[in-house]
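Letter by letter, the chains look like this.
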Amino acid sequence: MNEIHAHLATCATEAARVTRGVTPEHLAGPSGCTDWTVRELANHLVLYTAHGLEHRALRTQLPDDLVARDFTADADWPELYDAQLDRALAAWSKPEAWDGDVDFGGGSTVPAPEIVAMLIAELALHGWDLARATDQEFTLPEDTGAYLLDVVERYADMYRQYEGFAAPVPTGADASAFTRALAASGRRP
């Protein structure tokens, strides 16, 4: 298994853990992400970091019914998310998934390892957003935090162009790599 897949699995495990702590009462509350409720954030997380992750490994498009679905309407949505993450991780465990380019949308493609890097950022950053909105912790080991920091710094300008990241915020000199990644994405750890 390659190192990127290991970071992907670590972030997936933590995101799945956080979703199990989301209660029905949390869903209508604010998420901390601009104009999104916790429900909208959770649906975004499920769609792109589980279903989208698998479809990108398989080089297939997300079906319209998934794009429009309210995953949180199912009482067992955290368990379904966890199972879908397992399918996505299994799809990326195949060596051929890492070859070639993957559709990025809008007619552009990126190398497979780079799409996974961006989806790791989605898992970790939105997983942290969901944890924070529901009074939970989201933690990563230092090596995964360092990998995430590299990804965030690499793609920060692009994400800011599409208003996915806010302006970076300062952190202390002794901050962990994960904390620095959060701050570099415009989040206030």
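Look a little higher up for the structure.
So, here's what we can say about the structure. Since the structure is predicted, the reported quantities are computational estimates derived from the model, not experimental observations.

## Here we look at helix 4 (residues 77-92)
Note that an α-helix has 3.6 residues per turn; residues three or four places apart therefore point the same way. Across its 16 residues, helix 4 extends 22 Å between first and last C-alpha, which sits within 8% of the 22 Å expected from 1.5 Å per residue. Buried within helix 4 we find W77, P78, Y81, Q84, L85, A88, L89, A91 and W92. Take helix 4 and look down its axis: the buried residues cluster within an arc of 150°, on one side only. Packed against the buried residues of helix 4 are helix 1 (3-19), helix 2 (38-58), strand 1 (101-105) and helix 5 (112-133).

## Notes on the pattern of salt bridges
As enumerated under the stated definition, the model contains seven salt bridges in all. Across the pair R17 and E14 runs a salt bridge whose closest N-O atoms are separated by 2.8 Å. With a gap of three residues between them, R17 and E14 both fall in helix 1, about one helical turn apart. A network of salt bridges, in which partner residues are shared, links E114, D150 and R154.

## Here we look at helix 1
An ideal rise of 1.5 Å per residue puts 24 Å on 17 residues; helix 1 measures up with 25 Å between its terminal C-alpha atoms. The set of residues buried in helix 1 consists of I4, H5, H7, L8, C11, A12, E14, A15, A16, V18 and T19. For helix 1, the secondary structure elements touched by its buried residues are helix 2, helix 4, helix 5 and helix 6 (142-161). The backbone nitrogen of I4 lies 3.0 Å from a side-chain oxygen of the residue at the head of helix 1, namely N2.

## What about the packing of aromatic side chains?
Tallied over the full model, the rule gives three aromatic pairs. Taking the centre distance of 5.0 Å and the plane angle of 65° together, the rings of W92 and W98 count as edge-to-face. A ring pair is formed by F138 and F178, whose centres lie 5.9 Å apart and whose planes are at 40°; its orientation type is tilted. On the criterion of sequence distance, the pair formed by F138 in the loop between helix 5 and helix 6 and F178 in helix 7 (residues 177-184) is long-range, its members being 40 residues apart. Using a relative accessible area of 7% as the deciding quantity, one classes F178 as buried.

## Regarding the nonpolar core
Formed by 63 residues in total, the largest nonpolar core has its most connected members in W92, F138 and L148. Contributing elements (two or more residues each) for this core: helix 1, helix 2, helix 4, helix 5, helix 6 and helix 7. Residue contributions to this core peak at 14 residues, all from helix 5. Setting aside residues no more than four positions away along its own chain, L148 makes contact with I120, A121, A124, L125, L140, F178 and A181.

## As for the packing of helix 2 against helix 5
At a closest axis distance of 10 Å, the pairing of helix 2 and helix 5 adopts a crossing angle of 155°. It follows from the interaxial angle that helix 2 and helix 5 lie roughly antiparallel. Like other packed secondary-structure pairs, helix 2 and helix 5 cross with a definite hand, here left-handed. Judged by residue contacts, V38, L41, H44, L45, Y48, T49, L53 and R56 of helix 2 engage I115, L119, E122, L123, H126, G127, D129, L130 and A133 from helix 5. The class makeup of the residues in the contact of helix 2 with helix 5 is ten nonpolar, four polar and three charged.

## Remarks on the environment of T60
Assignment of secondary structure puts T60 in the loop between helix 2 and helix 3 (64-67). Judged by relative accessible area, T60 falls into the partly exposed class, the value being 38%. Counting along the chain gives 18 residues from T60 to A42, while the straight-line C-alpha distance between them is 22 Å. A polar atom in the side chain of T60 sits 2.7 Å from the side chain of H55.

Rules used throughout
Residues numbered from 1 in each chain as written. Predicted model: local features only at pLDDT ≥ 70, side-chain atom pairs only at ≥ 80, totals over all residues. Heavy atoms only, no water. Helix = DSSP H or I, 4+ residues; strand = E, 2+ residues; numbered from the N terminus. Expected span 1.5 Å × (residues − 1). Buried < 20%, exposed > 50% of the residue type's maximum accessible area, 1.4 Å probe, protein only. Arc of directions from axis to C-beta. Contact = heavy atoms within 4.5 Å. Salt bridge = Lys/Arg side-chain N within 4 Å of Asp/Glu carboxyl O. Polar contact = N/O pair within 3.5 Å; in protein donor to acceptor, adjacent residues only side chain to side chain. Phe/Tyr/Trp six-rings, centres within 6.5 Å; stacked < 30°, edge-to-face > 60°. Core = buried A, V, L, I, M, F, W, Y, C linked by side-chain atoms within 4.5 Å. Axes fitted to C-alpha atoms, helices over the stretch in contact; angles between N-to-C directions. Parallel < 35°, antiparallel > 145°, perpendicular 65-115°, else oblique. Left-handed = near helix turned anticlockwise from the far one by under 90°. Nonpolar A, V, L, I, M, F, W, Y, C, P; charged D, E, K, R; others polar.

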